[in-house]
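In case you want the letters, here they are:
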Amino acid sequence: MRKIAIYIWMSLISVSLYSQEVNYDENKVPDFQLPELLTTFHGKSINDASAWESVRRPEILNVFREQMYGTNPVHQVEVDFKLVKNKEKVLDGVADLKEIDLIFSNDQGKHTARLLLFLPAHVEGPVPVFLGMNFYGNHTIHPSASISLHQSWARDNPLFLISDQKVDDRSRGVRSSRWPVEYILSHGYGLGVIYYGDIDPDYDDEFQNGLHPLFYKKGQTKPTEKEWGSIGIWAWSLSRALDYLETDAKVDHDKVIVFGHSRLGKTSLWAGAQDQRFAGIISNNSGCGGAALSKRKVGETVKIINNAFPHWFNDYFTRFNNNEEELPFDQHMLISLMAPRPVYIASAKDDEWADPRGEYLSGYYAAPAYKLYNMQTPSTIKSPAINQPRMTESVSYHIRSGRHDVTRYDWAQYIRWADKYIK
Ligand code: GCU
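Residues numbered from 1 in each chain as written. Predicted model: local features only at pLDDT ≥ 70, side-chain atom pairs only at ≥ 80, totals over all residues. Heavy atoms only, no water.

The name an unreviewed UniProt entry assigns to the protein chain is 4-O-methyl-glucuronoyl methylesterase-like domain-containing protein, from the organism Membranihabitans marinus.

**With respect to the site of the ligand**
Short version of the rule: Summary of the distance rule: residues count as near a molecule or strand when at least one heavy atom falls within 4 Å of that molecule or strand. N or O atoms within 3.5 Å of each other form a polar contact, as long as, within protein, one can give a hydrogen and the other can take it, and as long as residues adjacent in sequence are counted only when both atoms are side-chain atoms. Each accessible area is a Shrake-Rupley estimate made with a 1.4 Å probe; only the visible protein chains count as cover when residues are assessed. When residue character is reported, Ala, Val, Leu, Ile, Met, Phe, Trp, Tyr, Cys and Pro are called nonpolar, Asp, Glu, Lys and Arg charged, and the others, Gly included, polar.
Around the ligand, the neighbouring residues are Phe135, Ser262, Arg263, Lys266, Glu300, Ile305, Phe309, Trp312, Trp353 and His404. One of the side-chain N or O atoms of Arg263 is found 2.5 Å from an oxygen atom in the ligand. A distance of 2.6 Å is found between an oxygen atom of the ligand and a side-chain nitrogen or oxygen belonging to Glu300. In isolation the ligand exposes 320 Å². Once the protein is present, 84% of that is buried. Of the residues that constitute the shell around the ligand, the class distribution is 5 nonpolar, 2 polar and 3 charged.

**What to know about helix α2 (residues 49-69)**
In an α-helix there are 3.6 residues to a turn, and that puts residues three or four apart on one side. We count it as follows: Counting from the N terminus, the helices are the DSSP runs of H or I reaching at least four residues and the strands are the DSSP runs of E reaching at least two. The span one expects for a helix is its residue count, reduced by one, times 1.5 Å. A residue's bend is given by the angle between axes fitted to the 7 residues ending at it and the 7 residues starting at it.
When the terminal C-alpha atoms of α2 are compared, their 25 Å separation across 21 residues is substantially less than the 30 Å that a helix rising 1.5 Å per residue should span. At Arg56, α2 shows its maximal bend, which comes to roughly 40°, and the proline Pro58 appears one to four places after that position.

**Quick word on the sheet that holds strand β6 (residues 251-261)**
Defined as follows: Strands were regarded as paired on the criterion that DSSP finds at least two bridges between them. A fitted line through C-alpha atoms serves as each axis, taken over the contacting stretch for helices, and the angle formed by two N-to-C directions is quoted from 0 to 180°.
Strand order across the open sheet formed by 9 strands is β1-β2-β3-β5-β4-β6-β7-β8-β9, with mixed pairing between neighbours. Two strands in the sheet have a free side with no partner beyond their single neighbour: β1 (78-90) and β9 (395-400). Along the sheet, successive strands turn relative to each other by an average axial angle of 20°, direction set aside. Both strand β4 (residues 127-134) and β6 contribute to a ladder of 5 bridges, which runs parallel.

Written out as structure tokens, the structure is:
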């Protein structure tokens, strides 16, 4: 009880600390200018998809790498896949389950992360798959005892009975409300998940644990100013999971949709931007550093996020603390990197911290890139009403009632959207 009280008290303190400098008033949004999507950093206009792909897209990707999420180091690691569990007809017969170890190794050492893959037992396949990361462990997405527990660091959470940074059987299924596994499978989709702490524990230790050290050059002890932080390496790992999915005959690897919530929504966007093999991209309540426009400075800002989570982005990004005007990019450009693939951005009404309006606008302002492919784009700058999803073949969006979370309602929209534009 006492632990729970302290936990709630600490959460309240952090909210009030942030709220001192936070704007939620639309009338106080500064005048800002978004960089032109179809004009290069050298002032050249981009008029067709081929110039977009050969000139503008690469330079946008590069600016996000160098100035925000970080560059992927050149030092190589080998990635091997090992099927460690393969069970048919689990979850009352509706699912086939696989666990695959991704084993990263090179002369610096070895590191392992586990991919959990559920496939619908009733479908011959190959099937499209949703792929995403989770916050506490693969075993938290469903109570099934068939899912292995992880040995990695986990954030203490008395509500989930996680203490001493270790999980045990008691946290099985504690996050099942965010992962309606049977529902997803019943629609003919598979679901792949990785625990993000298996890749890089989510706290600032100057990148001594997790996967980063494998990428250090001789004598290097942490990433350089421009190299990746945690979001960068989480996103990279999703691509490695996709490498595995490409080898699995039961998976339609041209139809893998990358999904993520909140910090892991920032991650799914960054994964989708870099890896064009992802057929669709979902950002659920990703907020600042994800879908929300930074220059609006509504809710969480660049300074707040860099101070609270110094390990998420590269160090270069701190130059824009309280200095969003100087950003040569904004998050509509991240969304534009998804083109011509369908992207779904979702907000929640009570999740003002993530700036729902800014999340909508980044999708809206990404339209010129999709238009180069003659695609239908959102027709109005007005955000749709609560619980009225607006879907198009390019950018789709909804704002759901309720708080920062992933709900059955969100999944129902993602499946409707994927049925229409991906499956
Ligand atoms: C914090 C953080 C957000 C993040 C969220 C989450 O609220 O400020 O940027 O999206 O955590 O990941 O749940």
